[in-house]
Amino acid sequence: TVVALVLSGGLAAANSPSRPFTLDTLSPLASASELTSRLLTPVTQDRIVKFREKVDFSLQEQTIALGEEPFELFVPEPDANGKYGLMVFIWPADDIQVPHDWWKVFRDRHIIYVASRRSSNIENIFDRRVPLALHGYEYVRSRYALDPERVYIGGFSGGSRTAQRTVMAYPDVFRGVFLAGGSDALGGESGFTLPSESLSRMMQRQTRFVFSTGGNDSPNRSKDARTRKNLEMLCMQGVRLVPQNGVEHWVPDGRGFSRAMDAVEKPIQEDAETGACLAELEKRIGKQLDGVAARIAEGELEEAGRLLASVDAQYGGLAAPRSVELSRTIAERAGLYELP
């Protein structure tokens, strides 16, 4: 278990150079409206709008209260330009301590470390875990001179999946993600999707997805392989693998972490095959949406809805606005609502 691994590693909080703090500012990036626009598919967002037109309700804009959330912060010396990198980290449990040899990595790279101490796997993804990561980023951003090209997020196990979800929703904030012990492909039951077309294009060009699961963590290595293939099919140019031989379901030691950070920090070079990948992806999405339109024309609304749900989940903003238009047509033909 994670707890056993932590204890066996002898990671003591007493040796940590980090300090605790509680939130005194909230990020506008974590507002309900912002989270909805980035974390939910375009079709789902449109249906929420339609629902709100019929039912009078409002979302609570911020789900985190000031002064109540414990965080951990480590600030090394800045670089020669007076700037810092940043690693927002998400753990699967509240009591896990940072491996002692990670601090040297942060010092050497002039990277600030920040992590919520109440963002474990039992917490809600949308109400707490993603917002807490964004609030941690905002706390640091508002106090320290960050290099925006060196702002990263990472996580372990369930925290890794949350970090993956966050980087995919906020590629304009985080340039890379360190994934250890957990990831998920898009679509299906994962709930992972792509944000708006502009953000998705940004992600394809500049986001570094660094997979660094333990070599002996076979179940998650298999999941990582599927996720990498999925991301590569979506033309993500920064998909990278940094093996951690001999590591179980745990994070790498300092040397392994430093190798992973080399990959996180290395900018993406333009790939000659990217243009062909993007063209094929656009063709694939168009063909699947054509299939939805054909089912609608044939009156097979249930099958059309099933096919559209799959496209919407897999491609998110890259399938919009046509996916939303088709969804409205299905709803109109089914008598669910009238088009404006």
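Structure shown above.
Since the model is a prediction, treat every value here as computed from it, not as a measurement. (Residues numbered from 1 in each chain as written. Predicted model: local features only at pLDDT ≥ 70, side-chain atom pairs only at ≥ 80, totals over all residues. Heavy atoms only, no water.)

A.B. asks: Please set out the environment of tyrosine 139 residue by residue, giving values where relevant.
C.D. replies: Positionally, tyrosine 139 belongs in helix H5 (residues 125-141). It is 35 Å that separates the C-alpha atoms of tyrosine 139 and proline 219, two residues lying 80 residues apart in sequence. (Helix = DSSP H or I, 4+ residues; strand = E, 2+ residues; numbered from the N terminus.)

A.B. asks: Please set out the pairing of strand E3 (residues 84-90) residue by residue, giving values where relevant.
C.D. replies: Across a regular strand the side chains alternate sides, sitting on one face of the sheet and then on the other. Counting buried residues in E3 gives seven out of seven residues, a clear majority hidden from the surface. Every second residue of E3 is oriented toward a common face, with Tyr84, Leu86, Val88 and Ile90 on one face and Gly85, Met87 and Phe89 on the other, all of them buried. Two elements, E3 and strand E5 (residues 146-156), share six bridges in a ladder whose sense is parallel. Bridge pairing links leucine 86 to valine 151 in E5. Bridge count for E3 against strand E4 (residues 111-116) is five bridges, and the pairing is parallel. If you follow valine 88 over to E4, its bridge partner there is valine 114. Read as a crossover between parallel neighbours, the route from E3 over helix H4 (residues 102-109) to E4 is right-handed. (Buried < 20%, exposed > 50% of the residue type's maximum accessible area, 1.4 Å probe, protein only. Pairing = 2+ DSSP bridges. Right-handed = clockwise from strand over helix to strand, strands pointing away.)

A.B. asks: Talk me through the pairing of strand E2 (residues 70-74); I want residue IDs and the actual numbers.
C.D. replies: Counting buried positions along E2 yields four of five residues, so the element is predominantly enclosed. Summarising the sheet, strand E1 (residues 19-22) and E2 pair through four bridges and their orientation is antiparallel. Residue threonine 22 lies in a different strand from E2, and its bridge partner there is proline 70. Sheet analysis places E2 next to E4, joined by four bridges and oriented antiparallel. Opposite phenylalanine 74, over in E4, you have tyrosine 113 as the bridge partner.

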